[in-house]
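Notes for the structure review
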Amino acid sequence: MTLKANLIRWHRWAGLAAAAFWLVQALTGVLIVFHWEIRDAFIPGAHRQTDLAAIERTVAQLTPEGSGARLGSIWTGAGAPDRYDVSITGDTPEASRSVRIDGAGQILVDGDYTGPAAWTTPLVLIHHNLLAGDTGSWIVGISGILLVTNILSGLYIAWPKRGQWGRALRVQRKGQAAVRHYSWHRALGLIVGVPALASITAGVLLTFAGGVERIVQPAPIAAPADAPAGATSVGLAAAAGTALAAYPGSTLAAVYAPDGERPVWQIRVTQPDEARRAYGATRVFVSAVDGRILARFDALDAAPSRAFVDGLFPFHTGEMGGLAGRIAVAAIGAWLVTMIIIGVLLWAARRKVRAR
């Protein structure tokens, strides 16, 4: 058989075999593009600008001395501005908790969110790992590779010869069902196939991020090994304030508290021109002993290898293109749903014709 004939068989049967799984991935992807905003829309509370000292006081109340509770991390909520998720770790799983606070440190949600938008959490996990941890991530990654090869084979099969693009993009609205379904499947595949291939490939690489980093080998980002030791006297507000002052106009993205071995605050900030909308990749390491900046990493001046690794997430989610980019990613998900449905209808129509 010719290469094209073999690819047609592969495209058809691989698509049918994985159609249901790809449909779930596409639907969850569409629904979670704006899940940060959706969740915050259902969490009441007026907007309050970030007050680092007030946030530090709230953290102190959540981690009283002698309780065994301690700050793990703080992340921006990424939906409404100036809202944060505070992760508290304890000596036992029961003592750990997560709270959503506003910029003034007021607690908006204590514990797991159970409001009207709670459905976004399982959808995000299904899209990432099928609610099955590392095993689910591997399944998602392998299915993503299968989808990438399927799109590539479809583009090869459908790619028109020179001068025949008009015919290839013309859809049939009359005639046999198989002819109509094929014309739509081919035209939509040619129009959206390439950007969809790029977005889905980025998602696959994110699933295997550890392997990608081992291949690309970006420069590691970490606090210096010779960070000064001693009693910690620099708190959250001072450390985060130092990081934000180092990059004027930036916003707070995340805070990692010092651990027992290394008294260093790791602060992530989002600069205005970064590809990531909320979870900025600029890092500042501040000594918890004397408040000095020990190391910093400017995401806008990253080496190509680091920029590639850090750019996979905002490219896959569309954040790199702002609101228009995120809408485009949602449209790609809707395109995939449409292609799966038309592909199944095409197979059924052809099967019906052969059965006559």
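Scroll up to find the structure this text is about.
Cut-offs applied
Residues numbered from 1 in each chain as written. Predicted model: local features only at pLDDT ≥ 70, side-chain atom pairs only at ≥ 80, totals over all residues. Heavy atoms only, no water. Core = buried A, V, L, I, M, F, W, Y, C linked by side-chain atoms within 4.5 Å. Buried < 20%, exposed > 50% of the residue type's maximum accessible area, 1.4 Å probe, protein only. Helix = DSSP H or I, 4+ residues; strand = E, 2+ residues; numbered from the N terminus. Contact = heavy atoms within 4.5 Å. Axes fitted to C-alpha atoms, helices over the stretch in contact; angles between N-to-C directions. Parallel < 35°, antiparallel > 145°, perpendicular 65-115°, else oblique. Left-handed = near helix turned anticlockwise from the far one by under 90°. Nonpolar A, V, L, I, M, F, W, Y, C, P; charged D, E, K, R; others polar. Pairing = 2+ DSSP bridges. Phe/Tyr/Trp six-rings, centres within 6.5 Å; stacked < 30°, edge-to-face > 60°. 1 Å grid on protein atoms, 1.4 Å probe; cavity = no way out; pocket = protein on both sides within 12 Å on 5 of 7 lines; lining within 4 Å. Points joined across faces, edges and corners; volume = space filled by probe spheres on them.

What to know about the nonpolar core
- If you look at the biggest cluster of nonpolar residues, it comprises 28 residues, and the most contacted ones within it are Leu71, Ile74, Val86, Leu236, Trp265 and Ile267.
- Among the secondary structure elements, those contributing two or more residues to this core are α3 (52-62), β1 (70-76), β2 (83-89), β3 (97-102), α9 (236-246), β5 (251-256), β6 (264-270) and β7 (282-287).
- When residues of this core are assigned to their parent elements, the largest contribution, 6 residues, is made by α9.
- Each residue touching Ile74, except ones within four places of it in the same chain, is listed here: Ile55, Val59, Tyr84, Asp85, Val86, Leu236, Ala253, Ala254 and Val255.
- Ranked by size, the runner-up nonpolar core spans 22 residues in total, among them Leu155, Ala158, Trp335 and Leu336.

Remarks on the packing of helix α8 (residues 209-216) against helix α10 (residues 304-317)
- The geometry of α8 relative to α10 is characterised by a closest axis approach of 10 Å and an angle of 165° between their N-to-C directions. When the interaxial angle is binned, α8 and α10 end up roughly antiparallel. The chirality of how α8 crosses α10 is right-handed. Contacts from Val212, Glu213 and Val216 of α8 reach α10 at Ser305, Arg306, Phe308, Val309 and Leu312.
- Across the contact of α8 with α10, the residue classes tally to 5 nonpolar, 1 polar and 2 charged.

Focus: unusual backbone geometry
- Phi is positive for Ala78, close to 70°, though the residue is something other than glycine.
- Checked against the element boundaries, Ala78 lands in the loop between β1 and β2.
- With a phi close to 55°, Gln217 is a non-glycine residue in the positive phi region.

Side note on the sheet that holds strand β4 (residues 107-110)
- With respect to topology, 8 strands assemble into an open sheet ordered β4-β3-β2-β1-β5-β6-β7-β8, the strand pairing being antiparallel. At either end of the open sheet lies a strand with only one pairing partner, and these are β4 and β8 (293-297). Ignoring strand direction, the axes of neighbouring strands in this sheet form an average angle of 25°.
- On top of the sheet, α9 reaches β1, β5, β6, β7 and β8; it is set at about 45° to β6, its chief contact.

Description of the packing of aromatic side chains
- One pass over the full model with this rule turns up 5 aromatic pairs.
- Between Trp36 and Tyr279, the ring centres sit 5.9 Å apart and the planes meet at 75°, which makes this aromatic pair edge-to-face. Taken together, the residues span a long stretch of sequence, with Trp36 in helix α2 (residues 35-41) and Tyr279 in the loop between β6 and β7 at a distance of 243 residues. Across this residue pair, the class does not change: Trp36 and Tyr279 are buried.

Considering the layout of surface pockets
- Its volume calculated, the second largest pocket comes out at about 710 Å³.
- Along the wall of the second largest pocket there are 31 residues; nearest its centre are His11, Asn150, Gly154, His185 and Gly343.
- Secondary structure elements with two or more residues in the lining of the second largest pocket: α1 (3-32), α5 (133-158), α7 (177-207) and α11 (322-355).
- Of all the elements, α11 adds the most residues to the lining of the second largest pocket, at 10 residues.
- In terms of residue class, the lining of the second largest pocket is made up of 18 nonpolar, 8 polar and 5 charged.

A few points about the environment of Gly115
- Its place among the elements puts Gly115 in the loop between β4 and α4 (120-129).
- For the pair Gly115 and Ile43, spaced 72 residues apart in sequence, the C-alpha separation works out to 7.7 Å.

So, the pairing of β5
- Inspection of the sheet shows β1 paired to β5 by 3 bridges, in the antiparallel sense. Bridge pairing in β5 links Ser73 to Tyr256.
- Pairing of β5 with β6, which is carried by 5 bridges, proceeds in the antiparallel orientation. Bridging from a neighbouring strand, Val255 pairs with Ile267 of β6.

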